[in-house]
Amino acid sequence: MKIAMVSYEVYPFAKVGGLADVVGALPKYLEKQGMAVDIFMPYHKKVDENSSKFGYTIEKVSEGISIPHLLTEEKFDIYRTSLPGSKNVNVFLIANRYYFSADEVYQGPDLAEQAIFFSAAVLEAIKKLDFRYDIIHVNDWQTALIPVYLKSVYKNDEKLSKIASVLTIHNLGYQGIFEPSYMKFAGLPEYLFSIDGIEFYGNINFLKGGILFADVINTVSPTYAREIQTKEYGEKLDGVLRVRSADLYGILNGIDYEEYNPETDKRIYVNYNLETIEKKKENKRLLQRELGLPARDVPMIGMINRLVDQKGLDIMAEIMDYVSLFDIQFVLLGTGEEKYENMFKKLGERYPEKYSINLKFDVVLAQKIYAGADMFLMPSKYEPCGLGQMYSLRYGTIPIVRYTGGLADTVKEYNPETKEGNGFGFEPYDSAYLLKAIAKALYYYNEKEHWNALIKNAMTTDLSWDNSAKEYVKLYQRAKSKIQ
Ligand SMILES: Nc1ncnc2c1ncn2[C@@H]1O[C@H](COP(=O)(O)OP(=O)(O)O[C@H]2O[C@H](CO)[C@@H](O)[C@H](O)[C@H]2O)[C@@H](O)[C@H]1O
């Protein structure tokens, strides 16, 4: 089968969050399953910035292509590169100076127009390049109009109408809700502005369009696939998701075992594996030195996150004064909402011996934290899958999580009697339960026999993409069967 994978961000070309990691890794594992995969993404400014660091070269393939049904004169060019670490995955970059030259991925003149332009350009690029795909696999709201286009504007197109579409929802919290006037810009027929189309409380909702018009839909963990069909987690789309429940699947993300391997990772201070686990401590010591924390053997809690409501920061705010009473060190790496950045800044100022607050985006420091910390905190309000806890497990860093979405599917509570389980957690979204989970982890840190069992269980948890890639192949087959 030939797959076109479409995403607004892809690692290592341009990454903002977990979406980029998934789309940068999954194609390599699909290739192993015999799939032929091409990736389509915007030619962001970041793609040039990262090229020397990651050693890829870019060539022009085609230029000056216009999109007839859009209300704009802007044209696009197509460039090509390959996915590092893959055998044969082409990456086609959609280039347009007006839309995609901002410093950051989610900046630019108008995010709605950017997403529409990119989605429409991908379909025109496929026509222009005369490629035949069985599947077009779109990811999140930025590309969710593609299935809508396929079932409306392109429904009589001889080639495009034969491509089945798959939508992966990485995060239901971001839907792409905009004013109805963008319908005109997008060249979408008026009948779609209805409850059975992309209308949403008087606006338009790109993700809703994808959910209704993709041939099959999935999200990134089985638990989240169930949760989003409830009012509590459905973000006002639970009804629409229930309508499509027969075609809605949950496939747990994997992690890239080559990229995230403590034995070979060049970004960490000292490489190690389960047999040489004592070297993990060396990573902690060197991290303490780099961050200006006292070089002591105290439990170190790491946290790497976008600082947004989703990540459980409001319940953290309620207990951080208590957490600060413990003899611990806490290393934060993240950027996001000002209120949370300020909360951490204040903690750092108040307890400089305990907190290292790093309000920036830094993938190298992230690896050093995954390797150097003893515990990794992720008390998310909701979490479609979560990659941070998976990277931590692989590096022997014990996760403390709220059991929701993919966190519930990957972290199992440690049982001191059977010595099974790979982390600690809690269920009710309540700061007292969070505090209890942290206290429990801190207790077991000092019980070396248990802590060693935890590290072993963590590092041997199966988090590889191999199984999940097989599930995606099945998903593609299901989607394909809907078209014939
Ligand atoms: N300041 C910083 N510096 C360096 N690296 C940073 C960073 N802040 C975050 N990161 C990195 O970004 C990634 C975050 O991925 P997550 O899956 O944990 O969450 P995210 O909400 O972005 O992803 C969404 O999509 C993914 C993919 O499907 C789902 O797993 C998830 O649940 C969903 O919310 C990790 O690789 C982390 O190390």
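Residues numbered from 1 in each chain as written. Predicted model: local features only at pLDDT ≥ 70, side-chain atom pairs only at ≥ 80, totals over all residues. Heavy atoms only, no water.

- Under an unreviewed UniProt entry, the name given to the chain is Glycogen synthase, and the organism recorded is Fervidobacterium pennivorans.
- Entered under Sequence similarities (unreviewed entry) in the UniProt record, the comment concerning the chain runs "Belongs to the glycosyltransferase 1 family. Bacterial/plant glycogen synthase subfamily."
- UniProt, in its Catalytic activity (unreviewed entry) section for the chain, records the words "[(1->4)-alpha-D-glucosyl](n) + ADP-alpha-D-glucose = [(1->4)-alpha-D-glucosyl](n+1) + ADP + H(+)". (UniProt positions renumbered as here; feature names shortened; annotations may be inferred.)

1. Examining the site of the ligand
Next, step 1: Residues in contact with the ligand amount to 31 residues; listed here are only the nearest, His170, Arg306, Tyr370, Glu383 and Gly386.
Next, step 2: Here an oxygen atom of the ligand and a side-chain polar atom of Tyr370 are 2.7 Å apart.
Next, step 3: Within the backbone of Gly386, an N or O atom sits 2.8 Å from an oxygen atom of the ligand.
Next, step 4: Look at the ligand: alone it shows 720 Å² of surface, and the protein chains cover 97% of it.
Next, step 5: Counting residues per element, the ones that place at least two in the shell around the ligand are helix H1 (18–32), strand S13 (300–307), strand S14 (329–336), helix H14 (363–372) and helix H15 (388–394).
Next, step 6: Of all the elements, H1 adds the most residues to the shell around the ligand, at 4 residues.
Next, step 7: Considered class by class, the residues forming the shell around the ligand number 14 nonpolar, 10 polar and 7 charged.
Next, step 8: Lining the shell around the ligand are residues from two domains, each supplying at least three of them: domain 1 (2–254 + 466–483) and domain 2 (279–463). (Near = heavy atom within 4 Å. Polar contact = N/O pair within 3.5 Å; in protein donor to acceptor, adjacent residues only side chain to side chain. Areas by Shrake-Rupley, 256 points an atom, 1.4 Å probe, with all protein chains shown as cover. Helix = DSSP H or I, 4+ residues; strand = E, 2+ residues; numbered from the N terminus. Nonpolar A, V, L, I, M, F, W, Y, C, P; charged D, E, K, R; others polar. Domains from an automatic or database assignment.)

2. Looking at the packing of helix H12 (residues 313–323) against helix H17 (residues 431–445)
Next, step 1: At a closest axis distance of 9 Å, the pairing of H12 and H17 adopts a crossing angle of 45 degrees. Relative to H17, the element H12 lies oblique. The element H12 and its partner H17 pack so that their crossing is right-handed. Packed against H12, whose contacting residues are Ile315, Met316, Glu318, Ile319, Tyr322 and Val323, the element H17 presents Ser431, Leu434, Leu435 and Ile438 at the interface.
Next, step 2: The class makeup of the residues in the contact of H12 with H17 is 8 nonpolar, 1 polar and 1 charged. (Axes fitted to C-alpha atoms, helices over the stretch in contact; angles between N-to-C directions. Parallel < 35°, antiparallel > 145°, perpendicular 65-115°, else oblique. Left-handed = near helix turned anticlockwise from the far one by under 90°. Contact = heavy atoms within 4.5 Å.)

3. Quick look at the pattern of salt bridges
Think of it this way: side chains of opposite charge can pair up when their charged atoms draw near.
Next, step 1: Taken as a whole, this structure holds 30 salt bridges when the rule is applied.
Next, step 2: A salt bridge links Lys2 to Asp38, with the shortest nitrogen-to-oxygen separation between them at 3.5 Å. Here Lys2, found in strand S1 (residues 2–6), pairs with Asp38, found in strand S2 (residues 36–42); they are 36 residues apart in sequence, far enough to count as distant.
Next, step 3: Residue class for Lys2 comes out partly exposed when judged on its relative accessible area of 27%.
Next, step 4: A relative accessible area of 3% means that Asp38 is categorised as buried.
Next, step 5: Note that Arg80 and Glu59 form a salt bridge whose closest N and O atoms lie 2.8 Å from each other. Placement of the pair is Arg80 in strand S4 (residues 75–82) and Glu59 in strand S3 (residues 59–66), with a sequence separation of 21 residues.
Next, step 6: Residue Arg80 is classed as partly exposed on the basis of its relative accessible area, which comes to 22%.
Next, step 7: Through salt bridges with shared partners, a single ionic network connects Lys46, Glu49 and Glu104. (Salt bridge = Lys/Arg side-chain N within 4 Å of Asp/Glu carboxyl O. Buried < 20%, exposed > 50% of the residue type's maximum accessible area, 1.4 Å probe, protein only.)

4. Here we look at the domain arrangement of the chain
Next, step 1: Under the domain assignment used here, the chain contains domain 1 (2–254 + 466–483) and domain 2 (279–463).
Next, step 2: Spacing between the C-alpha centres of domain 1 and domain 2 amounts to 32 Å.
Next, step 3: Contacts between the two partners involve 21 residues from domain 1 and, on the opposite side, 21 residues from domain 2.
Next, step 4: Joining domain 1 to domain 2, the criterion identifies 12 residue pairs in polar contact (both at pLDDT 80 or more).
Next, step 5: Secondary structure elements with two or more residues in the side of domain 1 that touches domain 2: H1 and helix H9 (222–227).
Next, step 6: A per-element tally of the side of domain 1 that touches domain 2 places H9 first, with 4 residues.
Next, step 7: Split by residue class, the side of domain 1 that touches domain 2 holds 8 nonpolar, 9 polar and 4 charged.

5. Digging into the sheet that holds S14
Next, step 1: Spatially, S15-S14-S13-S16-S17-S18 is the arrangement adopted by the 6 strands of the open sheet, whose pairing is parallel. Every other strand in the sheet has two partners, leaving strand S15 (355–358) and strand S18 (424–426) as the edge strands with one partner each. When strand polarity is set aside, the average angle formed by the axes of neighbouring strands in this sheet is 15 degrees.
Next, step 2: Lying over the sheet, H17 contacts S13, strand S16 (375–378), strand S17 (398–402) and S18, oriented at roughly 165 degrees with respect to S18.
Next, step 3: Packing against the sheet, helix H18 (residues 448–459) makes contact with S16, S17 and S18, and its axis sits at approximately 80 degrees to S17. (Pairing = 2+ DSSP bridges.)

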